[in-house]
Amino acid sequence: MKNKKKINAICAVAIALIVLIAVLLYSFFFAGDREPSLGEIVENRVVAYETDFLDSTVQMTSQSTVTKYLVNWAENKGINVKKDKSNNIIYSFDATEGLEDREPVVILCGYDYSCIQSYKNSIVCALTVAKNDKPHGEYKIIFVSEENGDSSAVDKLSSDYFTENTQVIYLGNDTTSKIANVTGAVSEYEFTRDVSMVEPSYDKAFKVTISGMPAEKITEKTASYPNPIKQLGNLLATFKSKSVLFELADFNGGSLESAATVTEASMTIVVNEDSKTKVMTRLDNAIESFNDKYSDKYPQATYTYEEVEMPTRVFTTDDTESLVSLLYTAPNGKYDNEDESSTDAAFTSIRFISSENQKIKIKFMAGSNSEALLNEITEAYQTICSLTDINYAQTLTKPSYNVNKQGQDLAIKFTESYKKFKTTDLPVEGIPEYSMCSLVSQKYPELPLIAAYVTNKTADNFAGGLIVHLGYEE
């Protein structure tokens, strides 16, 4: 009896081994014949294209170098590509057999060399869709030049791309995936004051500099990053509140040409020899506090000071106090909405400061998906300038984008395609950031247009959703 049980056990083990070997042999000889799923294809391509893009950003030091990258990328993949006079890059794809009657799709994606990292997610997503070898209707992918934050090149695109039945899908970048039914309006401001220069009363000069902050597109999130101009302005305000006597010789930061976040700012202050140690202690404390808060997140950022040659002229006390008061009180970063139940949002950012040619010039910008909040910010800036005796001007306004009925219908169709690929719902909500959708909707008010926002983790999801939307059924 015992021998019989032993034989049965041996037979069971032998059968299990035979089944296992058969499975392994089948996998070895036949698994290679299995066509990878769309999810696997998309995931692998996103990883490959993102790696290539990031490796290439070192060379993207001008708009033309990004343009060259996008053109070469398409040519190397055998894609029909052309560049127009406004540096827009157009990839064109004819419909595959049997899908010629589908509505054409135009996918818009911006690029700006000055903050190219901010465009990574949408560009990688678009490139993945460009290498779509699944059945699809006619479509185009257009990389729109947004050099230094200027989206006007989208207005220069040929109207031939936007026929009456064309679906338009804009790809943006955000920290959460969504379809935006509203993208914000934007206002830009310039504050100026002629300054008088006098001989310094003190005898020791220090140059204080914050540099190495990343250049990113200004959004609600990045506007709350430590702004070097605001940080140095706060330092001067602290000096005043702690009765540290100083004179200001210059203050410069940011760039007039770039729409990116401020990466660097510096100022020269003059102090009394007797208070030199006290000032250096305050500076050391400010640097220590900055490093404690930000060194892990911004390892390239530096906050330094050095003793420099004495300047021959400094601002008057009145000019200095006006500037310090404005920098301290003017909103910068995420703007607080007093209505906590509202989904409306707004942000502000100091973009530039200069004290050259005996004139203080400061540039601010603000964005919001609420007209009321944007008006509130504008009134705040007007009031602050009036109180600090600084000239105020609103130099630019761009309107918001609001989805139309055709866009709402397109959003439903696209989210269904997205869900087929990812089985995840996409939220639909407004955002305070401006988008080129404003210009497109003004020029083509009847076209279905949606704004889809891609994150670092969802470039593959949106690429897969777009491929399904273009006609592929797995």
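Conventions adopted
Residues numbered from 1 in each chain as written. Predicted model: local features only at pLDDT ≥ 70, side-chain atom pairs only at ≥ 80, totals over all residues. Heavy atoms only, no water. Buried < 20%, exposed > 50% of the residue type's maximum accessible area, 1.4 Å probe, protein only. Helix = DSSP H or I, 4+ residues; strand = E, 2+ residues; numbered from the N terminus. Pairing = 2+ DSSP bridges. Right-handed = clockwise from strand over helix to strand, strands pointing away. Polar contact = N/O pair within 3.5 Å; in protein donor to acceptor, adjacent residues only side chain to side chain. Patch = residues over 30% accessible without salt bridge, like charges linked within 9 Å, V, L, I, M, F, W, Y side chains within 5 Å. Areas by Shrake-Rupley, 256 points an atom, 1.4 Å probe, with all protein chains shown as cover. Salt bridge = Lys/Arg side-chain N within 4 Å of Asp/Glu carboxyl O. Lys, Arg positive; Asp, Glu negative; His and termini not counted. Charge placed at Lys NZ, Arg CZ, Asp CG, Glu CD. Phe/Tyr/Trp six-rings, centres within 6.5 Å; stacked < 30°, edge-to-face > 60°. Contact = heavy atoms within 4.5 Å. Expected span 1.5 Å × (residues − 1).

**Quick notes on the pairing of strand β4 (residues 139–145)**
Then, in step 1: The element β4 is extensively covered by neighbouring structure, given that 7 of its 7 residues are classed as buried.
Then, in step 2: Neither face of β4 is open: one carries Tyr139, Ile141, Phe143 and Ser145, the other Lys140, Ile142 and Val144, and all of them are buried.
Then, in step 3: Across 5 bridges, strand β2 (residues 89–93) lies against β4 in antiparallel orientation. In the strand pairing of β4, Phe93 is matched with Tyr139.
Then, in step 4: Note on the crossover from strand β3 (residues 105–111) through helix α4 (residues 120–130) to β4: the handedness is right-handed.

**Some words on the pairing of strand β5 (residues 167–173)**
Each regular strand shows side chains that alternate between the opposite faces of the sheet.
Then, in step 1: Judged by how many residues are buried, β5 sits mostly within the fold: 6 of 7 residues are covered.
Then, in step 2: Across 5 bridges, the pairing between β3 and β5 is parallel. Residue pairing across strands places Leu108 opposite Tyr170, the latter belonging to β5.
Then, in step 3: Relative to strand β20 (residues 449–454), β5 runs parallel, the two sharing 6 bridges. Bridge pairing links Val168 to Leu449 in β20.

**Here's the deal with the side chain of Thr388**
Then, in step 1: In this structure, Thr388 sits in the loop between α8 (371–387) and β17 (391–398).
Then, in step 2: Here Thr388 falls in the buried class, since its relative accessible area comes to 9%.
Then, in step 3: A polar atom in the side chain of Thr388 sits 2.8 Å from the backbone oxygen of Ile384.

**Thoughts on a negative patch on the surface**
Then, in step 1: On the surface, a cluster of negative charge is contributed by Asp336, Glu338, Glu376 and Glu379.
Then, in step 2: If you trace the backbone, Asp336 turns up in the loop between β14 (333–335) and β15 (346–354).
Then, in step 3: Classification of Asp336 as exposed rests on a relative accessible area of 63%.

**Comments concerning the packing of aromatic side chains**
The relative placement of two aromatic rings is captured by the distance of their centres and the angle of their planes.
Then, in step 1: As enumerated under the stated definition, the model contains 23 aromatic pairs in all.
Then, in step 2: Taken together, a centroid distance of 5.9 Å and an interplanar angle of 70 degrees make the contact between Phe206 and Tyr305 edge-to-face. Of the two residues, Phe206 sits in strand β9 (residues 204–211) while Tyr305 sits in strand β12 (residues 302–308), which places them 99 residues apart along the sequence.
Then, in step 3: Tyr305 sits in the partly exposed class, given a relative accessible area of 22%.
Then, in step 4: Note on Tyr294 and Tyr298: the rings are 6.2 Å apart at their centroids and 50 degrees apart in plane angle, and the pair reads as tilted.

**A closer look at the side chain of His136**
Then, in step 1: As for its placement among the helices and strands, His136 is situated in the loop between α4 and β4.
Then, in step 2: The exposure class of His136 is buried, given its relative accessible area of 6%.
Then, in step 3: When sequence neighbours within four positions are dropped, the list of residues in contact with His136 reads Phe93, Asp94, Ala95, Thr96, Leu99 and Leu470.

**Here we look at helix α7 (residues 317–329)**
Then, in step 1: Taking 1.5 Å as the rise per residue, α7 with 13 residues should run 18 Å; its terminal C-alpha atoms sit 18 Å apart, in good agreement.
Then, in step 2: Those residues of α7 not exposed but buried are Asp319, Thr320, Ser322, Leu323, Val324, Leu326 and Leu327.

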